[in-house]
Amino acid sequence: MPRPPASPPPPSYRSAAAKAALYAGLVASAAVALLPLGWMLWAAFTEPDAPGLTLAHFADLFARFPVGRWLANSLFVSAAQTVLVVLTSTLGGFALATYAFPGRRLVVGLMLGTLFLPSQVLLPGLYAVVLRLGWADTFAAVVVPGSVSAFGTFLFMQAMAKVPAELVQAARVDGCSELRVWWEVALPVVRPMVGAYTLLAFVGSWNSYLWPAAVLLDESNYTLAVGLASMVGLPGYEGRSGVLMAATLVAIAPPAGLFLWLQRDFVAGLAAGAVKG
Amino acid sequence: MRSRTRLAPYLFLLPFLVVFGGFFLLPLVQSLGMSVRAYAGPRASRPVGLAHYRFLLVDPLFWVAVLNTASYAALFLLVQVPLSLGLALLLNARRVRGRALFRLAMLLPFLAGNVLAGVLFTVLLAPGSGLVNRAVGMLLPAVGANLNWRTDPVLATVAIVAAVAWLTVGWGMVYLLAALQSVDRQLYEAAAVDGATPWQRFRHVTLPGVRPVLAYLVLVGTIGGLQLFELPYVFLQGLGPRLRGLTVVQYLVIRGFDRGDLGTAAAVGWVLVVLITLAAIPQLRRMRGSQ
């Protein structure tokens, strides 16, 4: 495994005992992280007290609950929200990082001032706005409010501040439109951040519960998180670990797939953010 | 070309500004207005001044919610931050093989989110059949495999803290590992030349190097902890033993959506804003001070 260039030489684990302790600690920690997921797989594919693997829990799950529908709903809502929030955040961040214009300080101030506000304080007001628009029980009520992010816009404003001004100027001299400067000059510079933020936005949207549960009323409109939460308390499902774990597996597969695809960008993007502090 | 660059930033910001204004700033102001009105339905209301805020001050249930939430947030930080730092230090050791693989394994739980973690821990901790109870039954036959993690207040607290730690430790570890890897290695060499002990090296080189990231994790952990809701809601299926599932957001949801009392719910939201601001100020000050 190649060592990162700035890797420090902290405590040397030279003795064999120290080395064994190091790996024991790492393996135990990884095991604790993975064990619940392993148990999920095992419980989803086995029958208690019966040998061999089974797909019965999945058959049961899809027969009794509109899980296919919930999965499609979640995929649509989260994909739409993620694409929109990445677009609006990179465009807005580019504008704030690259141009000096009247009102810029006001926008940045508003974003910073609301960065740490808990989203729950919006619930009653947002509920009123959505009712007034006639959006109760629609996907628009979930997708539209989540299609912009002060955090994301701020993130890309900071990342794109590093795009060299000469590069932007050279592209303009070459006849690039401003939109092409964003696409061909700024976005490539922050590519790992785009990957990291895409994953973050998708996972956040995929797992969000409170707002979707408040506005999606009909069972067939539920997202997976809302549907899954509604299953836990059903009488008779207390002991039906297999069905619950099959549902959890269905729910975790899409973000896990995206994570495996984007994980290199993700770690690099987080690291870039962390070093800045 | 000059007029083009004058108009472009506004066009690029337009989608953000429209949605941010209409679905963030407007509802925010609206929530403030709703917090001083009493609602008989979404459209029938009358002004009541600060009555909701006065009610919250004297409602013992709200105080239980505030104390529960604050104690959970404190417990999360006490568990998560040291574990994240410990793991980052282990992974940062020289010549660790499979560093990327360990990091991947430890980061995977963050994908689950609060609802899935609540379901996962429900099954993991189920009396009799759950993995944890089977292990307890085997290792401690005197205790047996029928511990009920949902009905005992201490066990329920342990379960919720453990589930949150499972979700967040790897996440914090990735941040800290990145910070550790950016500490100037010459500082370590200088410390070694000066004959510093490992503890002195940690105290005077490593810790100052990761302090901004530690402050950031404490800030994010505090804010997230004070918004705790989904995990206990799913895991305890109600308010839980001795109301251990009653958090501030749970209180807001019960008021606003179960009882249709949107005015009080809005007031709870604004009290939460005040609580989070109070908790965040020392962290923000520390972050600014360390830069």
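Residues numbered from 1 in each chain as written. Chains lettered and ligands numbered in written order. Predicted model: local features only at pLDDT ≥ 70, side-chain atom pairs only at ≥ 80, totals over all residues. Heavy atoms only, no water.

A.B. asks: I keep staring at the overall build of chain A and nothing clicks. Help me out?
C.D. replies: Along chain A, the regular secondary structure elements total 13 helices and zero strands. Going residue by residue from the N terminus, the α and β elements of chain A occur as α-α-α-α-α-α-α-α-α-α-α-α-α. Computed over the C-alpha atoms, the radius of gyration of chain A is 23 Å, more than 25% above the 19 Å expected from 2.2 N^0.38 for a compact globule of 277 residues. Viewed in the frame of its principal axes, chain A has a C-alpha envelope of about 70 × 70 × 35 Å. Relative to its full complement of 277 residues, chain A shows a buried share of 51%. Restricting to contacts in chain A with at least 6 residues of sequence separation, those with at least 24 account for 75%. Element-wise, carbon and sulfur atoms account for 67% of the exposed surface of chain A, whose accessible area totals about 12,200 Å². Charge centroids of chain A, computed over 15 positive and 12 negative side chains, lie 14 Å from each other. (Helix = DSSP H or I, 4+ residues; strand = E, 2+ residues; numbered from the N terminus. Rg over C-alpha atoms; globule rule 2.2 N^0.38 Å. Buried < 20%, exposed > 50% of the residue type's maximum accessible area, 1.4 Å probe, protein only. Contact = heavy atoms within 4.5 Å. Areas by Shrake-Rupley, 256 points an atom, 1.4 Å probe, with all protein chains shown as cover. Lys, Arg positive; Asp, Glu negative; His and termini not counted. Charge placed at Lys NZ, Arg CZ, Asp CG, Glu CD.)

A.B. asks: I keep staring at the packing of aromatic side chains and nothing clicks. Help me out?
C.D. replies: Each aromatic ring pair is summarised here by two numbers: the centre-to-centre distance and the angle between the ring planes. According to the stated counting rule, one finds 31 aromatic pairs over all chains in the structure shown. Relative to A:Phe139, the ring of A:Phe76 lies with its centre 5.9 Å away and its plane at 45 degrees, an arrangement referred to as tilted. In this pair, A:Phe76 sits in helix 3 (residues 67–98) while A:Phe139 sits in the loop between helix 5 (123–132) and helix 6 (140–143), placing the two residues 63 residues apart along the sequence. Feature note: the residues A:Phe259, A:Phe266, B:Phe110, B:Trp171, B:Tyr175 and B:Tyr216 constitute an aromatic cluster, connected by ring pairs. Here the basic side chain of B:Arg244 rests over the ring of B:Tyr72, its NZ or CZ set 4.7 Å away from the ring centre. (Phe/Tyr/Trp six-rings, centres within 6.5 Å; stacked < 30°, edge-to-face > 60°. Lys NZ or Arg CZ within 6 Å of the ring centre and 35° of its normal.)

A.B. asks: Help me understand helix 1 (residues 16–45) of chain A, please; the structure alone is not making it clear to me.
C.D. replies: In a regular helix each residue adds 1.5 Å, so 30 residues correspond to 44 Å; helix 1 of chain A covers 40 Å between its end C-alpha atoms and thus fits that length. Those residues of helix 1 of chain A not exposed but buried are A:Leu22, A:Leu26, A:Ala30, A:Ala33, A:Pro36, A:Leu37, A:Trp39, A:Met40, A:Ala43 and A:Ala44. (Expected span 1.5 Å × (residues − 1).)

A.B. asks: For this particular structure, what's the right way to read the pattern of salt bridges?
C.D. replies: Pairing between side chains becomes possible if they bear opposite charge and their charged atoms approach one another. Residue and element names in this part refer to chain B. Tallying each qualifying case throughout the model produces seven salt bridges over all chains. Among the ionic pairs, Asp59 bridges to Arg255, the shortest N-O distance being 3.9 Å. Of this pair, Asp59 sits in the loop between helix 2 (51–58) and helix 3 (60–91) while Arg255 sits in helix 11 (residues 248–258), placing them 196 residues apart in sequence. Comparing Asp59 with Arg255, the two get one shared label, buried. Residues Asp261 and Arg255 are paired through a salt bridge, measuring 3.9 Å at the closest nitrogen-oxygen approach. Judged by relative accessible area, Asp261 falls into the buried class, the value being 17%. Arg255 sits in the buried class, given a relative accessible area of 14%. Within this structure, Asp59, Arg255 and Asp261 form a network of salt bridges that share partners. (Salt bridge = Lys/Arg side-chain N within 4 Å of Asp/Glu carboxyl O.)

A.B. asks: Whenever I open this one, a nonpolar patch on the surface confuses me. Can you help?
C.D. replies: Residues and elements named next belong to chain B. Nonpolar side chains collect at one region of the surface, where Leu7, Leu11, Leu14 and Val18 lie side by side and expose about 400 Å² of accessible area between them. Mapped onto the elements of the fold, Leu7 is located in helix 1 (residues 2–34). When its relative accessible area of 52% is taken as the criterion, Leu7 is described as exposed. (Patch = residues over 30% accessible without salt bridge, like charges linked within 9 Å, V, L, I, M, F, W, Y side chains within 5 Å.)

A.B. asks: How do you make sense of the domain arrangement of chain A when you look at a structure like this?
C.D. replies: All names here are of chain A. Taken domain by domain, chain A consists of domain 1 (16–54) and domain 2 (65–276). A separation of 32 Å is found between the C-alpha centroids of domain 1 and domain 2. Every contact between the two is made by six residues of domain 1 and, on the other side, six residues of domain 2. Interface area, domain 1 with domain 2, both sides summed: about 490 Å², of which 90% is carbon and sulfur. When residues of domain 1 are sorted by the area they lose upon contact with domain 2, Met40, Ala43 and Ala44 head the list and together hold 75% of the total. Where domain 1 packs against domain 2, one counts zero residue pairs in polar contact (both at pLDDT 80 or more). Partitioning the side of domain 1 that touches domain 2 into residue classes produces six nonpolar, no polar and no charged. (Domains from an automatic or database assignment. Buried area = accessible area lost by both parts, 1.4 Å probe. Polar contact = N/O pair within 3.5 Å; in protein donor to acceptor, adjacent residues only side chain to side chain. Nonpolar A, V, L, I, M, F, W, Y, C, P; charged D, E, K, R; others polar.)

A.B. asks: Would you mind going over unusual backbone geometry with me for this structure?
C.D. replies: For A:Asp137, which is not glycine, the phi torsion reads 60 degrees and is therefore positive. Here A:Asp137 lies in the loop between helix 5 and helix 6. A relative accessible area of 22% places A:Asp137 in the partly exposed class. Unlike most non-glycine residues, B:Arg242 shows phi in positive territory, near 45 degrees. Topologically, B:Arg242 is positioned in the loop between helix 10 (230–236) and helix 11. With a relative accessible area of 71%, B:Arg242 lands in the exposed category.

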